[in-house]
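What follows is each chain in one-letter form.
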Amino acid sequence: MGSSIDFKDLWSKQTVSPPDINELLVKLKQFKNKGIRKLILTSILLVATIGFVAFIWYIFQPQLITTKIGITLTILAMLVFMFFYSKLAVSYKAIDGQQSNTEYLQNLIAIQVKQKFLQSRVLSLYFILLGTGICLYLYEYALKMPLYIAIATYFVTLSWFALNWFYLRPKQVKKERDKINDLISKFEVLTKQFED
């Protein structure tokens, strides 16, 4: 086989067509609208869940301090997450249709930085507080169950947390990072094109 193809050389010679600005602005608007909708929906669900947890506390009147601490940690986890998550709203709202490419790029990078912080530190704190809170909450009721049912209850609960932490969370984080990284790279290309 005498001929060999130099793929690196071919790749370096290809011309990259700049992204269409109108198509990019449509994608940016969709990204912004989806982000705001997700913020609103998440906030509504968290507030409803906090209300439900408080209602359970009121109705069932737990006796053990561990149950009360568990409920408090669960509510605290949701409040902390909601506090930091709502800060993304400011960055989403900063994107409007009258900005320069550099301003779009700066706003997207600001969202990216906030997302990374949220997806790493805040989400870790959320899972620790929520997991601890739920395990403490279950303790009072697990004492009243036969041992095998109590073990099964904790096993199912901890398995659900493990599934979320090790499978669902990384998939969601990757999906969100890919979307914003794609937009940032396209605006970087566009910004460099206008600078040249």
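Comments concerning the pattern of salt bridges
As enumerated under the stated definition, the model contains 3 salt bridges in all. Note that K38 and E176 form a salt bridge whose closest N and O atoms lie 2.2 Å from each other. Pair noted here: K38 is in helix α2 (residues 21-60) and E176 is in helix α5 (residues 147-195), with a separation of 138 residues, a long-range link. Salt-bridge contacts for D182 lead to K186; the nearest nitrogen and oxygen are separated by 3.4 Å. Separated by 4 residues within a single helix, D182 and K186 lie in helix α5, roughly one turn from each other.

As for the packing of aromatic side chains
Applying the stated criterion to the full structure yields 10 aromatic pairs. Where Y104 meets F187, the ring centres are 5.3 Å apart and the plane angle is 45°; that geometry is what we call tilted. Separated by 83 residues along the polypeptide, Y104 in helix α4 (residues 101-142) and F187 in helix α5 bring together distant segments of the chain. With respect to class, Y104 is no different from F187; both count as buried.

Details of α2
In a regular helix each residue adds 1.5 Å, so 40 residues correspond to 58 Å; α2 covers 58 Å between its end C-alpha atoms and thus fits that length. All of the buried residues along α2 are L24, L28, F31, K32, G35, L39, T42, L46, I50, V53 and I56. Downstream of α2 by one or two residues, Q61 has phi in the positive range, about 40°.

A short note on unusual backbone geometry
Backbone geometry places Q61, a non-glycine residue, at a positive phi of 40°. Of note, Q61 is situated in the loop between α2 and α3 (65-93). Relative accessible area serves as the criterion here: at 45%, Q61 is assigned to the partly exposed category.

Some words on a positive patch on the surface
Together, K34, R37, K171, K175 and K179 make up a positively charged patch on the protein surface. Taken together, the elements giving at least two residues each to the positive patch come down to α2 and α5. With respect to the helices and strands, the residue K175 is situated in helix α5. Residue classification places K175 among the partly exposed positions, given a relative accessible area of 45%.

Remarks on the nonpolar core
Counting 35 residues, the largest nonpolar core has F81, L108 and Y126 as its most contacted members. Those elements that provide at least two residues to this core are α2, α3, α4 and α5. Considering every element that reaches this core, the biggest residue donor is α4, with 11 residues.

Brief notes about the packing of α2 against α4
Packing of α2 against α4 brings their axes to within 14 Å, and their N-to-C directions diverge by 20°. When the axes of α2 and α4 are compared, the pair comes out roughly parallel. The handedness of the crossing between α2 and α4 is left-handed. On α4, the residues that touch I21, L25, L28, F31, L46, I56 and F60 of α2 are N101, Y104, L108, I111, Y126, Y137 and Y141. Here the contact of α2 with α4 is composed, by residue class, of 13 nonpolar, 1 polar and no charged.

Thresholds, definitions, all that
Residues numbered from 1 in each chain as written. Predicted model: local features only at pLDDT ≥ 70, side-chain atom pairs only at ≥ 80, totals over all residues. Heavy atoms only, no water. Salt bridge = Lys/Arg side-chain N within 4 Å of Asp/Glu carboxyl O. Helix = DSSP H or I, 4+ residues; strand = E, 2+ residues; numbered from the N terminus. Phe/Tyr/Trp six-rings, centres within 6.5 Å; stacked < 30°, edge-to-face > 60°. Buried < 20%, exposed > 50% of the residue type's maximum accessible area, 1.4 Å probe, protein only. Expected span 1.5 Å × (residues − 1). Patch = residues over 30% accessible without salt bridge, like charges linked within 9 Å, V, L, I, M, F, W, Y side chains within 5 Å. Areas by Shrake-Rupley, 256 points an atom, 1.4 Å probe, with all protein chains shown as cover. Lys, Arg positive; Asp, Glu negative; His and termini not counted. Charge placed at Lys NZ, Arg CZ, Asp CG, Glu CD. Core = buried A, V, L, I, M, F, W, Y, C linked by side-chain atoms within 4.5 Å. Axes fitted to C-alpha atoms, helices over the stretch in contact; angles between N-to-C directions. Parallel < 35°, antiparallel > 145°, perpendicular 65-115°, else oblique. Left-handed = near helix turned anticlockwise from the far one by under 90°. Contact = heavy atoms within 4.5 Å. Nonpolar A, V, L, I, M, F, W, Y, C, P; charged D, E, K, R; others polar.

Just distances and angles here, no functional claims.
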